[in-house]
Amino acid sequence: ECKWNFENKMLLLNAEYYFSVGDFDKATEGYHLSITSARNHRFVCEEAIANELGAYFQLERGRVDLSMCFMKQAIECYQSWGALKKAEILKHIIQNL
C-alpha cells in the first residue's frame, strides 16, 4: 500500500549491492533511480544519502567529475534538510579531491 515510503530505500540497497558485486551498470542505474524516487516523494534526507553514496561509488570508479556532481547535490540536500554540519564535512571532502 505504501510502496513510495520504501521505494527509494530499496533502490539504494540494490545499488549498494550491485556496487559490492561489481555490476557497475546496475549500480549506476540504482543510484539514479533511488535519487529520483526520493526527490519525487520529497524525502530530502534520503535524497542526500543516495547522492552521497552515489558520489563515493563514482569516486571509487575514478570518475572524479561525476562524483563531484553527486556530492554537490548531496550538500544541497543536506543543507535543505538542516544537516549543516554534514554539508560542511562534504564540502571539506570536495576540497581535498
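Undergrad: Explain the environment of K91 here, please?
TA: As for its position among the elements, K91 is in helix α5 (residues 84-95). Among the residues examined, K91 registers a relative accessible area of 31% and is labelled partly exposed. The spatial distance from the C-alpha of K91 to the C-alpha of A74 is 9.9 Å, given a sequence separation of 17 residues. Beyond its immediate sequence surroundings of up to four residues, K91 is in contact with I75 and Q79.

Undergrad: In this structure, what is going on with the packing of aromatic side chains? I would like to understand it.
TA: Each aromatic ring pair is summarised here by two numbers: the centre-to-centre distance and the angle between the ring planes. What the rule picks out here adds up to seven aromatic pairs. Judged by centre distance (6.0 Å) and plane angle (20°), the rings of W4 and F43 are stacked. Of this pair, W4 sits in helix α1 (residues 3-21) while F43 sits in the loop between α2 (24-40) and α3 (44-60), placing them 39 residues apart in sequence. Between F19 and F57, the ring centres sit 4.8 Å apart and the planes meet at 80°, which makes this aromatic pair edge-to-face. Here F19 is found in helix α1, whereas its partner F57 is found in helix α3, with 38 residues between them in sequence. Assessed through its relative accessible area of 1%, F57 is described here as buried. Among the aromatic residues, ring-to-ring pairing joins F19, F24, Y31 and F57 into one connected group. The lysine or arginine in question, K9, covers the ring of F43, its NZ or CZ lying 4.9 Å from the ring centre.

Calculation criteria
- Residues numbered from 1 in each chain as written.
- Predicted model: local features only at pLDDT ≥ 70, side-chain atom pairs only at ≥ 80, totals over all residues.
- Heavy atoms only, no water.
- Helix = DSSP H or I, 4+ residues; strand = E, 2+ residues; numbered from the N terminus.
- Buried < 20%, exposed > 50% of the residue type's maximum accessible area, 1.4 Å probe, protein only.
- Contact = heavy atoms within 4.5 Å.
- Phe/Tyr/Trp six-rings, centres within 6.5 Å; stacked < 30°, edge-to-face > 60°.
- Lys NZ or Arg CZ within 6 Å of the ring centre and 35° of its normal.

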